[in-house]
Amino acid sequence: MRYFLWVYVANILNRFRWMGICLARASLPVLFLLYLALAFPNVPVYAQQVHHYINMTWLVYGLSLLVIFVPSEKFILNVLMLYRRDVFLRESFIAKVAKLIKYFIMQDLLGKNYSEGIYRKLVNNKRIKWLCIIVYIYDTYRGFAKALRDVWLLLTVYFGFVCATWLYVEFTGVTLYYYHVIETSIDWIYAIVGFLILKILFVPSFSAIKKMVGQVIIHVLKHKFGISNLEIKLDAKLAKYEKEGADND
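Residues numbered from 1 in each chain as written. Predicted model: local features only at pLDDT ≥ 70, side-chain atom pairs only at ≥ 80, totals over all residues. Heavy atoms only, no water.

1. A closer look at the overall build of the protein chain
Looking only at helices and strands, the protein chain has 10 helices and zero strands in total. Across the protein chain, helices and strands are ordered from the amino to the carboxyl terminus as α-α-α-α-α-α-α-α-α-α. Counting the 249 residues in the protein chain, one finds 19% classified as buried. Sequence separation of 24 or more characterises 70% of the internal contacts of the protein chain that already satisfy a separation of 6 or more. For the protein chain, the computed accessible surface area is about 19300 Å², with 71% contributed by carbon and sulfur atoms. (Helix = DSSP H or I, 4+ residues; strand = E, 2+ residues; numbered from the N terminus. Buried < 20%, exposed > 50% of the residue type's maximum accessible area, 1.4 Å probe, protein only. Contact = heavy atoms within 4.5 Å. Areas by Shrake-Rupley, 256 points an atom, 1.4 Å probe, with all protein chains shown as cover.)

2. Section: the pattern of salt bridges
By the definition in use, this model includes two salt bridges. Linking Asp 139 and Arg 17 is a salt bridge whose minimum nitrogen-to-oxygen distance equals 3.4 Å. You can see Asp 139 sitting in helix H6 (residues 125-147) and its partner Arg 17 sitting in helix H1 (residues 2-36), a full 122 residues away along the chain. Taken as a pair, Asp 139 and Arg 17 share a single burial class, namely buried. Here Asp 150 makes a salt bridge to Arg 25, at a shortest N to O gap of 3.2 Å. On the criterion of sequence distance, the pair formed by Asp 150 in the loop between H6 and helix H7 (151-172) and Arg 25 in helix H1 is long-range, its members being 125 residues apart. The class of Asp 150 is partly exposed, set by a relative accessible area of 27%. (Salt bridge = Lys/Arg side-chain N within 4 Å of Asp/Glu carboxyl O.)

3. Quick word on the packing of aromatic side chains
One pass over the structure, following the stated rule, counts six aromatic pairs. Arranged with centres 5.4 Å apart and planes meeting at 65°, the rings of Tyr 158 and Phe 159 form a pair that is edge-to-face. Summarising the aromatic geometry, the rings of Tyr 177 and Tyr 178 are spaced 5.3 Å apart at their centres and angled 85° between planes, so their arrangement reads as edge-to-face. Accessibility expressed as a relative area gives 31% for Tyr 177, which makes it partly exposed. Tyr 178 gets classed as buried once you look at its relative accessible area, which sits at 14%. (Phe/Tyr/Trp six-rings, centres within 6.5 Å; stacked < 30°, edge-to-face > 60°.)

4. Digging into the nonpolar core
Across soluble globular proteins, you tend to see nonpolar side chains buried next to one another. Judged by nonpolar contacts, Ile 21, Ala 24, Leu 28, Tyr 61, Leu 65, Ile 68, Phe 144, Ala 147 and Leu 154 together constitute the single largest core of nine residues. Of all the secondary-structure elements, those providing two or more residues to this core are H1, helix H2 (47-67) and H6. Considering each element in turn, this core owes the most residues, three residues, to H1. If we ignore the near neighbours within four places in the chain, the residues touching Leu 65 are Ala 24, Phe 144 and Ala 147. (Core = buried A, V, L, I, M, F, W, Y, C linked by side-chain atoms within 4.5 Å.)

5. Thoughts on H7
Helix length check: H7, at 22 residues, gives a terminal C-alpha distance of 31 Å against a target of 32 Å (1.5 Å per residue), a fit within 8%. Of the positions making up H7, those classed as buried are Leu 154, Val 162, Thr 165 and Val 169. For H7, the buried positions fall inside an angular range of 75° around the axis, keeping them on one side. Facing away from the buried side of H7 by more than 90 degrees, the exposed set consists of Trp 152, Leu 153, Thr 156 and Phe 171. In this structure, the buried side of H7 is in contact with H1 and helix H8 (179-202). Positive phi appears at Gly 173, one or two residues downstream of H7, with a value of about 75°. (Expected span 1.5 Å × (residues − 1). Arc of directions from axis to C-beta.)

6. Some details on the packing of H1 against H7
Helix-helix packing: each pair is described by the crossing angle between the helix axes and the interaxial distance. Where H1 meets H7, the axes come as close as 10 Å, and the angle between the chain directions of the two elements is 15°. As the angle between them shows, H1 and H7 are arranged roughly parallel. Handedness of the H1/H7 crossing: left-handed. For the pair H1 and H7, the contacting residues are Leu 28, Pro 29, Phe 32 and Leu 36 in the first and Val 151, Leu 154, Val 157, Tyr 158 and Phe 161 in the second. Taken together, the residues of the contact of H1 with H7 sort by class into nine nonpolar, no polar and no charged. (Axes fitted to C-alpha atoms, helices over the stretch in contact; angles between N-to-C directions. Parallel < 35°, antiparallel > 145°, perpendicular 65-115°, else oblique. Left-handed = near helix turned anticlockwise from the far one by under 90°. Nonpolar A, V, L, I, M, F, W, Y, C, P; charged D, E, K, R; others polar.)

Here it is in structure tokens:
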């Protein structure tokens, strides 16, 4: 009964998350249009009303981004399946029978001492919690990736407007009441272009970074479970046998 209650709660939470993503994606074009409504040489008479709507839209946008931190239905179901599988492999009747057969063969027939199984060595509550945290971080990342999918398009349009306005002011000398915003945006353009130049020249690509991180994780896991020491011993044994073979030749 508890499992089906969690499934129901996960479905309801997923709807709130979906609404948050939709509101976040819809708020950005609305903000762009509201700011564009203020883009006149002089302050419009309706500026105060538009600023009120802008503040309300920013509030809705911020709250919708907070809703994305709610776990998705897929994440909750995966965590439930992970814990149910762990309980089944540890405490179910079939698992107990399998352990009994294993202990009978290993201790009574082969005379070996008790040792934990591979599953108990690799999986414990702490590692399961860390796995859930990592999966939750990835789930949240996917939610923000969906919500911010249109940001690059809006930023491109905005910086195009900024560049066009800056050129218009430089050529005509027109005075705009919001020109300080244009100057600040131009400074940001310089900073972003400079960063991209440095990134292209000195920072490796994302695929290369992913490969390096993967190699580091594999090395840490091999050291954690003693595989590195086993490889050293194997290399020493192989070198010994090869040396003995060369001496006999």
